[in-house]
Amino acid sequence: MSRSLALLAASLCVGGLAALVYFHDSDLVLLREHLNHPFALGVLACLLMALATVGLRWMWLRVVIVILAGLGASVALFGGLLTIGFSSTEEVGFIDGPPPYRIRLQQSMAGLGPDMVMSLSVRNDGGLLSREWHLGCFNDDVPDDTFDSVKWTGPSSVEIRVADGRTFPVALDPDSGRPQTTATLNC
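Residues numbered from 1 in each chain as written. Predicted model: local features only at pLDDT ≥ 70, side-chain atom pairs only at ≥ 80, totals over all residues. Heavy atoms only, no water.

Undergrad: Could you give an account of the packing of helix 1 (residues 2-23) against helix 3 (residues 38-52), with specific residues and numbers?
TA: Running from N to C, helix 1 and helix 3 cross one another at 165 degrees; their axes reach a closest spacing of 8 Å. As summarised for this structure, helix 1 and helix 3 are arranged roughly antiparallel, according to the angle between their axes. The handedness of the crossing between helix 1 and helix 3 comes out as left-handed. From helix 1, Arg3, Ser4, Leu7, Leu8, Ala10, Ser11, Val14, Gly15, Leu17, Ala18, Val21 and Tyr22 reach across to helix 3, where they touch Pro38, Phe39, Leu41, Gly42, Leu44, Ala45, Leu48, Met49, Leu51 and Ala52. Split into classes, the residues belonging to the contact of helix 1 with helix 3 amount to 17 nonpolar, 4 polar and 1 charged. (Axes fitted to C-alpha atoms, helices over the stretch in contact; angles between N-to-C directions. Helix = DSSP H or I, 4+ residues; strand = E, 2+ residues; numbered from the N terminus. Parallel < 35°, antiparallel > 145°, perpendicular 65-115°, else oblique. Left-handed = near helix turned anticlockwise from the far one by under 90°. Contact = heavy atoms within 4.5 Å. Nonpolar A, V, L, I, M, F, W, Y, C, P; charged D, E, K, R; others polar.)

Below you can see the structure in the form of structure tokens.
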């Protein structure tokens, strides 16, 4: 019985972590890149819940919980597969700035169409406490709005250029590195 209670508690903790990761986007790189798997955590929570039923006395309650855990795990797996299918992101690279800052470039498809989206974020490297914030997003469905380049213009400022030559200056907070504004076209 104590094993069942421990598994139930673990299931609730993992389920709570899955909900937290799904609904709350963290600035910490460690959480964003390594623990941002809400669907996998949801499946694990359902499996732990099903295992917790082993110690229950009532057979009907075991069957109900196992069926609900199986349905929950199936929904989480299906949701995870859909998310993976429609949100494949390719790492383009990093542009080093004044230490400890770097700009991260990522490219992905815009929905089901042929359009590509370039996402930019600024990272403040600090080991386990590294943080990353959204800097800009550019969709190439309008050729003039296609991302062209980004460069550091100072210790706490960045300039983003699009295909037609327009520039978007972005100032960063000098203490944290968090962008004070962002640049977005058609995202």
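Undergrad: How would you explain the sheet that holds strand 6 (residues 157-162) if you had to name every residue and give the values?
TA: The 3 strands are arranged 5-6-7 in an open sheet whose pairing can be described as antiparallel. In this open sheet, the two strands that pair with only one neighbour each are strand 5 (147-154) and strand 7 (167-171). For this sheet, the mean inter-axis angle between neighbouring strands, taken without regard to orientation, is 20 degrees. (Pairing = 2+ DSSP bridges.)

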